Amino acid sequence: MNEYDSRIIENLMIKEGFTPSKDANNADIVIVNTCSVRGKPESKGIETARSFKRKGKYVVLTGCTAQQRSEELLEVADLVVGTREFQVIPNALKKKLDRRMYLDLKGTCDFYFSGRRTNKVLEYVAIQEGCDNFCSYCVVPYTRGREVSRLPEEIIKELKYLEDSGVKEVTLLGQNVNSYYYKGADFADLLKMVDEEVKIPRIYFTTSHPRDISLKVIRTIKDARYLKPWFHLPLQAGSDKVLKEMNRGYTKDEYLEIALRIRAEVPEATISTDIMVGFPGEGDEDFAETLDVVKKVQFDNAYMFMYSIRKPSPIYFKNKDISIDDVKVGVRLRTLISEVNKGIYQRRKLMLGKEYEILIYGPARKSPKYSKGKTENNITVVVPGAFSEGEFVKVKVEKIIGLTPIGYPLNVLASLTNDFPLNRGG
Ligand code: 5AD
Ligand code: SF4
C-alpha cells in the first residue's frame, strides 16, 4: 500500500513540474513515506527524515507515522502530511503554503486516479482505504482511518489505463479487500466486473481477512480469466485464546477450513500468510497451535514478525505488562521460520518437472545472467538468461535451490542433448 501511495505521490509531483532524482542525496526535496505497523519500520522512517534534514534538505514526512505522531515530527521534517492528504504535497511545496501539517482523515481516495501514470510491469490499484477491524495489536485503523471503498467505475478506469500502458500484472489493494462494498456490489461482484472488463494478463488482490473471505470469491477466482489464484490470508496466530485476544474473529479450525477449502476448490492456488509470535500472554501451548496450523496448511510463502507493542492499538492500553521475554520470542520466531520453510519446501518440490509460464520482473539478485520471474500463482522462479522485464517465458522447473525453484526455458531444454547436466532436487 505504501509503495502504491509513493508511486501516486511521485506522479502527482511530476505532473506539477517537479523532476525525480535518482539519488535522494542530490535532491532539493526529500519525501519520506513512513510505516508504523511495527516499531522498527517506524524508527527507520523517522531516522531517515532526520538524516536528510541534517543534510539541509527540505523534508516532507508522510504516511502512517506522520499521521499519528504529527506534531513531534515537525522537529525532523518541514512538512508533515497524513495518509489521506498527500495530494496536497505538490501545492504545499509550490505555493509555499504556510501550514506545516495536513492530517485530515475524513477524505476519500478520489485523488488516486489524478496521480496515475506508469512505466512499470507490475502495478497496484487501491480498491479501498482504511480499516474497520480493530485487531487489538494494530494501529492501521488509527493511522489510515475508517474503511472506504472506491467507486467500481474509478477502479475499472484506473485498470484500463494500466492495461493501455502495457502493464502485465496488477494487485488490487486494501487492508481487508473481502469487505469491499459499494452500493450493492460486494468484492466478488467487483472481481467479476474486473475480469470481464479488463484484460491485464495477471490480476491479484491482497489482503484477505480469513473471517470475511467467501466461497463466492474463491469460486470467482476459480472461474476467472485474468484473476489469478494467489490468496494472502494472514493467520497471525493458531491458538483460539490468542486469536480471541487479538480480536481476529475466527478460530483455528475456521482458518484451517478456509485454507483447505481454497486448496480443494482451486488446486493450483497458492496461499501466503502473516504470522506473529510473542503476542502478550502467548504461552508455549498457544505457540504450538500456530505450528500445528503451519504444518497442516503448508504455506507457499509467509511473513513472520515478533509482536511489537504499538500506541494507540487497543492492547497498548490494556495488557502492557503481560509481555514475554525477548529471548523466548526470538527462539519462537526461529522455530516458526524453520517450520514454515519445511512447508514451503514441500510445496516447491511439487513444482519439479512441471512447466510454467513465467512473467519476468527483473534480473536475479545474485547474477545478471539470471532473471527472476513469477508463475501465475505468484511464486518467484529464477530463470537462466538475461530476459527483459515484462517478457513471458515458458519454463520447466528442474531444481530447487534453497527454497527457490530454477526454471529452464523450454526452447533451451529442447536443444540440449540427453546427458543434460542438471540435478533434480537439491
Ligand atoms: N506487531 C507485530 N506485527 C504486527 N503486524 C501488525 N501489527 C503488528 C504488531 N503490533 C503484522 C501483522 C499484519 C502485518 C502487516 O503486520 O502480521 O498482518
Ligand atoms: Fe490491522 Fe487487523 Fe485491519 Fe489488518 S485487519 S489492518 S491487522 S486492524
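Reading the values: rules and limits
As a convention, each chain's residues are numbered from 1 in the sequence order in which they are written. Each chain gets a letter, beginning with A, and each ligand a number, beginning with 1, in the order they are written. Confidence filtering applies because this is a predicted model: local features only for residues at pLDDT of at least 70, side-chain atom pairs given and counted only at 80 or more, and all residues used for totals across whole chains, interfaces and linings. Derived side-chain values reflect all non-hydrogen atoms in the structure, with water molecules and hydrogen atoms excluded from consideration. Here a residue is considered near a molecule or strand provided that any single heavy atom belonging to it is located within 4 Å of it. Gly is put with the polar residues, along with every residue not named as nonpolar or charged; the nonpolar set is Ala, Val, Leu, Ile, Met, Phe, Trp, Tyr, Cys and Pro, and the charged set is Asp, Glu, Lys and Arg. In short, DSSP must find at least two bridges between two strands for them to pair. Secondary structure elements follow DSSP: runs of H or I of four or more residues count as helices, runs of E of two or more count as strands, with numbering from the N terminus. As a rule, the C-alpha atoms of each element are fitted with a line to give its axis, helices using only the stretch in contact, and angles between N-to-C directions run from 0 to 180 degrees. Should an angle fall under 35 degrees it is taken as roughly parallel, and over 145 as roughly antiparallel, whereas 65 to 115 is taken as roughly perpendicular and any remaining angle as oblique. Two helices crossing with the near one rotated counterclockwise from the far one by less than a right angle form a left-handed crossing, whereas a clockwise rotation gives a right-handed crossing. Whether two residues are in contact is decided by their heavy atoms, any of which lying within 4.5 Å being enough. Polar contacts, as counted here, are pairs of nitrogen or oxygen atoms within 3.5 Å of one another; within protein the pair requires one atom able to donate a hydrogen and one able to accept it, and residues that are adjacent in sequence qualify only if both atoms are side-chain atoms. For accessible areas, the Shrake-Rupley method is used with a probe of radius 1.4 Å. Any residue's cover is judged against the shown protein chains and nothing else. Each domain's extent was defined by an automatic or database domain assignment.

### Digging into the site of ligand 2
Around ligand 2, the neighbouring residues are Cys131, Asn133, Phe134, Cys135, Tyr137, Cys138, Val140, Pro141, Gln175, His209 and Arg248. Its residues placed into classes, the shell around ligand 2 shows seven nonpolar, three polar and one charged.

### Section: the sheet that holds strand 12 (residues 230-232)
With parallel pairing, three strands are arranged side by side in an open sheet as 12-13-14. For this open sheet the edge positions go to strand 12 and strand 14 (301-306), each flanked by a neighbour on one side alone. Averaged over all pairs of adjacent strands, the angle between their axes in this sheet comes to 10°, without regard to strand direction. Across six bridges, the pairing between strand 13 (residues 270-277) and strand 14 is parallel. Following the sheet pairing, serine 272 is matched in strand 14 by asparagine 301.

### With respect to the packing of helix 10 (residues 252-265) against helix 11 (residues 284-297)
Between helix 10 and helix 11, the shortest axis-to-axis distance is 10 Å and the interhelical angle comes to 15°. Comparing their axes, helix 11 and helix 10 come out roughly parallel. Crossing angle aside, the handedness with which helix 10 passes helix 11 is right-handed. Residue-level inspection shows Lys252, Tyr255, Leu256, Ala259, Leu260 and Arg263 of helix 10 in contact with helix 11, the latter providing Glu289, Asp292, Val293, Lys296 and Val297.

### Re the site of ligand 1
Residues in contact with ligand 1, as listed here, are Val37, Arg38, Tyr137, Gln236, Asp274, Met276, Phe305, Met306, Tyr307, Ser308 and Arg310. The backbone of tyrosine 137 places a nitrogen or oxygen atom 3.0 Å from a nitrogen atom of ligand 1. Burial of ligand 1 by the surrounding chains reaches 86%, relative to a free accessible area of 400 Å². The class makeup of the residues in the shell around ligand 1 is six nonpolar, two polar and three charged.

### Notes on the domain arrangement of the chain
According to the domain assignment, the chain consists of domain 1 (2-94), domain 2 (122-349) and domain 3 (355-409). Relative placement of domain 1 and domain 3: their C-alpha centres are 34 Å apart.

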